[in-house]
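# Descriptive structure summary
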Amino acid sequence: LFDGVYPFYPQQRKAALFDISTIIVIVVFLTLACSFLLIIPGIRGRARLYWTLRVLLSLFVGVVIVVVQFTGDWETGWVQANTSYKSFSPVQVNADIGLHIGLAGLNVTLRGNPVKQINETINYNEHFPWSFGADYDRSYSQGLEKGLPSPILYVAEKFSRQSPCAVHGQYRIAGHYASAVLWVAFCTWIISNILFSMPVLVYGGYMLLVTGAFMIFSLLSFSTVRSSPMCLIQIGTRALHVAYGGSFWLVLAMGLLCFVVGIIIVAMHHLNVDLLKTFFDLREDKAEEYLMEMPEVFINPPLVNRGL
């Protein structure tokens, strides 16, 4: 302690832009997409377009299912206000305070307007995890020991176990079950891709419907946190309100897309199965099939003439 006050960092920390796990997942799926694009010239005719559309769309659904596990914008909120920067100090700064809630924890962002104020760089992004196996209160205590700015500690304290808001357990359980359901959706997505490579396309469509259903179930699980009122987060004279963020709406869009594509595949199976097989490159031309089945015959002209 320095005169009874926790010291601040000797050097300002830089705000994080992306989560490492998110970058790894995106790089893996981009590698798969680039590998497919390298072999796409070897596919002839109209099937090249069909393969490109199917593979890229399927990879996009898969990367969304995995990436949203690590994103922190299932719920987001921003507010700009004049607020105190350090504890036991009357100095105030003008800053943007952001709250980003994910399945495994939350991020609190503090960015000054301008960034350089009171001879310091005000640009923070602190993560506080609440997933199973992580100790949120310990992370909050470490933030106190580090001497994080007061707005960050104030927002983070609202989600602690000891907070009278009592939202820590709700967010933790809701995020855990939403994550588990999304992993089930990822498994059904893999099964649907396997079935689409076999002559059982209708079952692939059914599994795509199941994938969309599990994605919607994950949204319903996360939405249970709205069953109880959220505590007011007062920053200076302004209030910080949160709303559903990009990851929530992206999962909803992908879930509805899986529903639409699955319904189309099942309907085409009953209405025009030949067109469906053509799109999945599983329909063989009848003439080519006849030639493949017809044995090769060698004819000796002299013997034929003698017989005649």
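Described in the following lines is the structure provided in the data block. (Residues numbered from 1 in each chain as written. Predicted model: local features only at pLDDT ≥ 70, side-chain atom pairs only at ≥ 80, totals over all residues. Heavy atoms only, no water.)

## Some points on the sheet that holds strand 3 (residues 105–117)
Selection rule: Pairing between strands requires that DSSP locate at least two bridges from one strand to the other. Helix numbering and strand numbering both begin at the N terminus, where a helix is a DSSP run of H or I of at least 4 residues and a strand a DSSP run of E of at least 2. Here, residues are in contact when the closest pair of their heavy atoms is within 4.5 Å. Every axis corresponds to a line fitted to the C-alpha atoms, with the helix fit spanning only the stretch in contact, and the corresponding angles, defined between N-to-C directions, vary from 0 to 180 degrees.
An order of 4-3-2-1-7 is seen for the 5 strands of this open sheet, with the pairing classed as antiparallel. Looking at which strands have only one partner, the edges of the open sheet turn out to be strand 4 (120–129) and strand 7 (243–244). Packing against the sheet, helix 3 (residues 136–146) makes contact with strand 3 and strand 4, and its axis sits at approximately 160° to strand 4.

## Considerations on the environment of Ala33
Rule in force here: A simple rule labels every residue: compare its accessible area, found with a 1.4 Å probe on the protein chains alone, to the largest value its type can have, and call it buried under 20%, exposed over 50%, or partly exposed in between.
Tracing the backbone shows Ala33 in helix 1 (residues 20–39). On the basis of relative accessible area, Ala33 is assigned to the buried category, the value being 15%. Sequence separation between Ala33 and Leu56 is 23 residues; the distance between their C-alpha atoms is 6.8 Å. With residues near it in sequence (within four places) discarded, Ala33 still touches Leu56 and Leu59.

## Thoughts on the pairing of strand 4
When you tally the buried positions in strand 4, you get 7 out of 10 residues, the bulk of the element. Judged from the 9 bridges that link them, strand 3 and strand 4 form a sheet pairing that is antiparallel. Its bridge partner being in strand 4, Arg111 is matched across the sheet by Asn123. Here strand 3 folds back onto strand 4 in antiparallel fashion, the turn holding 2 residues, of which Ile118 has a positive phi close to 45°.

## Regarding the side chain of Asp96
Put simply, the rule is: In this count, Lys and Arg are taken as positive residues and Asp and Glu as negative ones, while His and the chain termini are left out. Criterion for a salt bridge: a side-chain nitrogen of Lys or Arg within 4 Å of a carboxyl oxygen of Asp or Glu. Here a polar contact is taken to be a pair of N or O atoms separated by no more than 3.5 Å, where protein atoms must pair a possible hydrogen donor with a possible acceptor and residues adjacent in sequence count only if both atoms sit in side chains.
Note that Asp96 resides in strand 2 (residues 92–101). Nearest to the buried, unbridged Asp96 among oppositely charged side chains is Arg111, at 4.4 Å. There is a polar contact of 3.1 Å between the side chain of Asp96 and the side chain of Asn113. When near neighbours in sequence (up to four residues on either side) are disregarded, Asp96 contacts Trp78, Val79, Gln80, Thr109, Leu110, Arg111 and Asn113.

## Observations concerning the nonpolar core
Inclusion rule: Definition used in this section: a nonpolar core is a set of buried Ala, Val, Leu, Ile, Met, Phe, Trp, Tyr and Cys residues joined via side-chain atoms within 4.5 Å.
In this structure, Trp74, Leu99, Leu106 and Phe159 are the most contacted members of the largest nonpolar core, which totals 68 residues. Considering every element that reaches this core, the biggest residue donor is helix 2 (residues 47–67), with 9 residues. Excluding its chain neighbours within four sequence positions, the residues that come into contact with Phe159 are Leu99, Ile101, Leu106, Trp130, Tyr136, Val167, His168, Tyr171, Met230 and Ile233.

## Considering the side chain of Lys158
On the secondary structure map, Lys158 appears in the loop between helix 4 (150–157) and helix 5 (168–196). Here Lys158 sits buried without a salt bridge, and the closest side chain of opposite charge, Glu157, lies 5.2 Å off (N-O distance). Polar contacts involving the side chain of Lys158 include one to the main-chain carbonyl oxygen of Leu232, which spans 3.5 Å. For Lys158, the contacting residues outside a window of four places in its chain are Ser163, Cys165, Val167, Leu232 and Ile233.

## Observations concerning the packing of helix 2 against helix 7 (residues 246–271)
Any two packed helices are characterised by the angle at which their axes cross and by the distance between the axes. How we decide: Roughly parallel covers angles under 35 degrees, roughly antiparallel covers those over 145, roughly perpendicular covers 65 to 115, and oblique covers all other angles. A crossing counts as left-handed when the near helix is turned anticlockwise from the far one by less than a right angle, and as right-handed when that turn is clockwise. Lys, Arg, Asp and Glu make up the charged group, whereas Ala, Val, Leu, Ile, Met, Phe, Trp, Tyr, Cys and Pro make up the nonpolar group; the residues left over, Gly among them, are polar.
One way to put it is that helix 2 packs onto helix 7 with a least axis distance of 10 Å and a crossing angle of 140°. If you check the angle between helix 2 and helix 7, you find them oblique. In terms of crossing hand, the pair formed by helix 2 and helix 7 is left-handed. Contacts between helix 2 and helix 7 involve Leu57, Phe60, Val61 and Val64 from the former and Leu250, Met254, Leu257 and Cys258 from the latter. Of the residues belonging to the contact of helix 2 with helix 7, the class tally is 8 nonpolar, no polar and no charged.

## Considerations on the pattern of salt bridges
Under the counting rule described, the total for this entry stands at 2 salt bridges. Here Lys86 ties to Glu120 by a salt bridge, and the two come within 2.9 Å at their closest N and O atoms. On the criterion of sequence distance, the pair formed by Lys86 in the loop between strand 1 (75–84) and strand 2 and Glu120 in strand 4 is long-range, its members being 34 residues apart. The partly exposed category is assigned to Lys86, whose relative accessible area is 29%. Given a relative accessible area of 15%, Glu120 falls into the buried group. Here Arg161 ties to Asp137 by a salt bridge, and the two come within 3.7 Å at their closest N and O atoms.

Honestly, that's just the spatial picture; any functional story needs more than this.
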